[in-house]
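These are the residues of each chain, in order.
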Amino acid sequence: MAIEAPISKFKKTNLKIYIVICVAVAIIFAYDGYLSKYKWSRRYNFYREHVLDNDGKPTPTMNFNRKSPPFFIAGAVVLGAYLLAVKNKKIIADENELVIGNKEKISYDSIQKIDKTHFDKKELFVITYKNKNGREVERKLSSRTYDNLAAILEHLVAKIS
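Notes on the structure in this doc start here. Given the structure is predicted, the values throughout are model-derived calculations rather than measurements. (Residues numbered from 1 in each chain as written. Predicted model: local features only at pLDDT ≥ 70, side-chain atom pairs only at ≥ 80, totals over all residues. Heavy atoms only, no water.)

To continue, consider unusual backbone geometry. For residues other than glycine, phi is negative in most cases, and the peptide bonds are mostly trans. Phi is positive for Asp55, which is not a glycine, with a value near 60°. Structurally, Asp55 can be placed in the loop between helix 2 (44-50) and helix 3 (60-67). A positive phi angle is found at Asn148, which is not glycine, with a value near 65°. Owing to a relative accessible area of 39%, Asn148 belongs among the partly exposed residues under this scheme. (Helix = DSSP H or I, 4+ residues; strand = E, 2+ residues; numbered from the N terminus. Buried < 20%, exposed > 50% of the residue type's maximum accessible area, 1.4 Å probe, protein only.)

What follows concerns the packing of aromatic side chains. For the structure on display, the rule yields 5 aromatic pairs. Here the aromatic rings of Tyr44 and Tyr47 are separated by 6.3 Å at their centres, their planes lie at 35°, and the arrangement is tilted. Of this pair, Tyr44 and Tyr47 are both found in helix 2, 3 residues apart, which corresponds to roughly one turn of the helix. Assigned by exposure class, Tyr44 and Tyr47 land together as buried. (Phe/Tyr/Trp six-rings, centres within 6.5 Å; stacked < 30°, edge-to-face > 60°.)

If you look at the biggest cluster of nonpolar residues, it comprises 21 residues, and the most contacted ones within it are Ile91, Leu98, Phe125, Leu149 and Ile152. Elements supplying a minimum of two residues to this core: strand 1 (3-6), strand 2 (90-93), strand 3 (97-100), strand 6 (124-130), strand 7 (136-142) and helix 6 (149-160). By residue number, the principal contributor to this core is helix 6, which donates 4 residues. Within the second largest apolar cluster, 6 residues are counted, among which are Leu15, Ile19, Ala76 and Leu83. (Core = buried A, V, L, I, M, F, W, Y, C linked by side-chain atoms within 4.5 Å.)

Take the pattern of salt bridges next. In this structure the tally under the stated criterion is 4 salt bridges. Between Lys90 and Glu4 there is a salt bridge, with its nearest N and O atoms 3.5 Å apart. One end of the pair, Lys90, is in strand 2; the other, Glu4, is in strand 1, and 86 residues separate them in sequence. On the basis of relative accessible area, Lys90 is assigned to the partly exposed category, the value being 27%. (Salt bridge = Lys/Arg side-chain N within 4 Å of Asp/Glu carboxyl O.)

Moving on: the sheet that holds strand 1. Spatial strand order, 1-2-3-4: 4 strands in an open sheet with antiparallel pairing. Where the open sheet ends on each side, the last strands, each with one partner, are strand 1 and strand 4 (104-107). Pairs of neighbouring strands in the sheet enclose a mean axial angle of 15°, with direction left out of account. In this fold helix 6 packs onto strand 1, strand 2 and strand 3, with an angle of close to 145° to the strand it touches most, strand 1. (Pairing = 2+ DSSP bridges. Axes fitted to C-alpha atoms, helices over the stretch in contact; angles between N-to-C directions. Contact = heavy atoms within 4.5 Å.)

So, about the sheet that holds strand 6. Taken in spatial order, the 3 strands line up as 5-6-7 in an open sheet, and their pairing is antiparallel. Both edges of this open sheet fall to strand 5 (111-115) and strand 7, since each of them pairs with a single strand only. Direction aside, the axes of adjacent strands within the sheet are offset by 20° on average. By the bridge criterion, 7 bridges tie strand 6 to strand 7 in an arrangement that is antiparallel.

Turning our eyes to something else, we now look at the side chain of Ser142. For Ser142, the position within the fold is in strand 7. The residues touching Ser142, leaving out its near neighbours within four places in the chain, are Glu123, Leu124 and Leu149.

Here it is, written out as structure tokens:
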């Protein structure tokens, strides 16, 4: 029976919050940079201060407000793509090995130690194992990245001992 630990809701929620922040900042800066020049705009005073009172030449603040929105939108797109990429990432502990994100496979025979001293307070543990090249590698698994780690840890301890 395989035990799964999907990507945490904490990480997904944080990525969604960052996307919303990027889009909101892009809208605010675009409004100040492009729509504040109209008298009906509630930010006309901002335009007057940063363009008209400066002899019709935009200040660095106004230039930033005009040039930055595409970069914030690009950031939101990159974060959205990253969210889609990690949405289905998970840890699977089956009978023979631990599979992390469908890429990294750690056989139970290669695991040398499991450091779970910080699991009660910080909800993380460290696995030390030997990779295929014979090098010793440490892999830290945290509940901020994956849910259901307690079951994975119990399964690992049972398989190792």
